Amino acid sequence: GAGVSQSPSNKVTEKGKDVELRCDPISGHTALYWYRQSLGQGLEFLIYFQGNSAPDKSGLPSDRFSAERTGGSVSTLTIQRTQQEDSAVYLCASSPLAGMVGETQYFGPGTRLLVL
Amino acid sequence: DQQVKQNSPSLSVQEGRISILNCDYTNSMFDYFLWYKKYPAEGPTFLISISSIKDKNEDGRFTVFLNKSAKHLSLHIVPSQPGDSAVYFCAARTLGNTDKLIFGTGTRLQVFP
């Protein structure tokens, strides 16, 4: 079956604009995660969904960042009033069920965001 | 504070030899460790993992060793192949209701003929 897909693959925007990034997880996966990778850094956790609820939003860097998930499937990460420091690769991952040892997270190809 | 550290940003190894990638962590609550491999313009792909109750896990050419007392783990690839050239990320997890992964900054492995 299909893996995790993300769109767009690349996004260039001007400082101050809003952007929406989309993630389609693997069908049937209940857990969904957003991470970002800034230049020269490791992956940084942003938010976790179990179904449509987000029990862990601790990684969102500011209130300009928000995310939602509908129908237990597609998720959208929204960044309002983008800043240059938001430039990064935003990665989405899904797993069948969180809280189980051995459940691997499967990553999408990422969205490369550049804020000019 | 970097809870997971990969102190070597790059490693170059000849084909057929052993590649050893290292990772250190600070949080004693981590109970599961994973290695991911990442090619350019692709998302990370899962490689191998180890539970904190074990000290070794092997899968084909890949072996992960865990030294809990030293808070250190390593990934051994033997024999190394040119297709192994990628960025390798060490990640750790605290089992709970989120299972978020804490990643290191990665080590770029280059395997040359």
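Residues numbered from 1 in each chain as written. Chains lettered and ligands numbered in written order. Predicted model: local features only at pLDDT ≥ 70, side-chain atom pairs only at ≥ 80, totals over all residues. Heavy atoms only, no water.

A. Here's a closer look at the interface of chain A and chain B. Taken together, the contact pairs 23 residues of chain A with 20 residues of chain B. Where chain A abuts chain B, roughly 1700 Å² becomes buried across the two surfaces, and 58% of that area is made up of carbon and sulfur atoms. If you look at where chain A meets chain B, you find 1 salt bridge. With a shortest N-O distance of 3.8 Å, Lys100(B) and Asp56(A) are connected by a salt bridge. The interface formed by chain A and chain B contains 3 residue pairs in polar contact (both at pLDDT 80 or more). Elements with a contribution of two residues or more to the side of chain A that touches chain B: β4 (31-37) and β5 (43-50) of chain A. For the side of chain A that touches chain B, the residue count by class is 11 nonpolar, 10 polar and 2 charged. (Contact = heavy atoms within 4.5 Å. Buried area = accessible area lost by both parts, 1.4 Å probe. Salt bridge = Lys/Arg side-chain N within 4 Å of Asp/Glu carboxyl O. Polar contact = N/O pair within 3.5 Å; in protein donor to acceptor, adjacent residues only side chain to side chain. Helix = DSSP H or I, 4+ residues; strand = E, 2+ residues; numbered from the N terminus. Nonpolar A, V, L, I, M, F, W, Y, C, P; charged D, E, K, R; others polar.)

B. The arrangement of the sheet that holds strand β1 (residues 5-7) of chain A in detail. Residues and elements named next belong to chain A. Read from one edge to the other, the open sheet built from 4 strands follows the order β1-β3-β8-β7, with strand pairing classed as antiparallel. Every other strand in the sheet has two partners, leaving β1 and β7 (65-69) as the edge strands with one partner each. Sheet twist, expressed as the average angle between the axes of neighbouring strands with direction ignored, equals 15°. Note that β1 and strand β3 (residues 19-24) share 3 bridges and pair antiparallel. For Gln 6, the partnering residue across the bridge sits in β3 and is Cys 23. (Pairing = 2+ DSSP bridges. Axes fitted to C-alpha atoms, helices over the stretch in contact; angles between N-to-C directions.)

C. Representation of the nonpolar core in the model. Counting 23 residues, the largest nonpolar core has Phe33(B), Trp35(B), Leu73(B), Leu75(B), Ile77(B) and Tyr88(B) as the members making the most contacts within it. Ranked by residues supplied to this core, first place goes to strand β9 (residues 86-93) of chain B with 4 residues. Counting residues in each nonpolar core, the second largest holds 20 residues, with Val4(A), Leu46(A), Phe65(A) and Cys92(A) among its members. (Core = buried A, V, L, I, M, F, W, Y, C linked by side-chain atoms within 4.5 Å. Buried < 20%, exposed > 50% of the residue type's maximum accessible area, 1.4 Å probe, protein only.)

D. A look at unusual backbone geometry. The amide bond that connects Ser7(A) to the next residue, Pro8(A), takes the cis arrangement and shows omega of -10°. Relative to the elements of secondary structure, Pro8(A) occurs in the loop between β1 and β2 (10-13). With omega at -10°, the peptide bond leading from Val78(B) into Pro79(B) counts as cis. A positive phi angle, close to 65°, is found at Ala41(B), a residue other than glycine. One can find Ala41(B) in the loop between β4 (32-38) and β5 (45-51).

E. Structural context of the packing of aromatic side chains. One pass over the structure, following the stated rule, counts 13 aromatic pairs over all chains. For the ring pair Tyr33(A) and Tyr35(A), a centre distance of 6.3 Å and an interplane angle of 25° mean the geometry is stacked. Note on accessibility: Tyr33(A) and Tyr35(A) belong to one class, buried. Taking 5.6 Å as the distance between ring centres and 90° as the angle between the ring planes, the aromatic pair formed by Tyr35(A) and Phe103(B) counts as edge-to-face. (Phe/Tyr/Trp six-rings, centres within 6.5 Å; stacked < 30°, edge-to-face > 60°.)

F. Here's a closer look at the pairing of strand β6 (residues 56-59) of chain B. Bridge count for β6(B) against strand β7 (residues 62-67) of chain B is 4 bridges, and the pairing is antiparallel. Bridge assignment links Lys56(B) to a residue of β7(B), and that residue is Phe65(B).

G. Molecular detail of the state of the cysteines. Throughout the structure, instances matching the rule amount to 2 disulfides over all chains. Between Cys23(A) and Cys92(A) runs a disulfide, and the two sulfur atoms are separated by 1.9 Å. Taking the sign of the S-S torsion, about -65° here, the bridge from Cys23(A) to Cys92(A) comes out left-handed. You can see Cys23(A) sitting in strand β3 and its partner Cys92(A) sitting in strand β9 (residues 88-95), a full 69 residues away along the chain. The buried category is assigned to Cys92(A), whose relative accessible area is 0%. Paired by a disulfide, Cys23(B) and Cys90(B) hold their sulfur atoms 2.1 Å apart. Its S-S torsion of approximately -75° makes the covalent link between Cys23(B) and Cys90(B) left-handed. Taken together, the residues Cys23(B) in strand β3 (residues 19-25) and Cys90(B) in strand β9 connect sequence positions 67 residues apart. Each of the two residues, Cys23(B) as well as Cys90(B), counts as buried. (Disulfide = S-S within 2.5 Å.)

H. Inspection of the sheet that holds strand β1 (residues 4-5) of chain B at higher detail. Residue and element names in this part refer to chain B. If you trace the 5 strands from one edge of the open sheet to the other, you get β1-β3-β8-β7-β6, paired in antiparallel fashion. Every other strand in the sheet has two partners, leaving β1 and β6 as the edge strands with one partner each. As paired elements, β3 and strand β8 (residues 72-77) share 6 bridges and run antiparallel to each other. Pairing of Cys 23 across the sheet is with Leu 73, part of β8.

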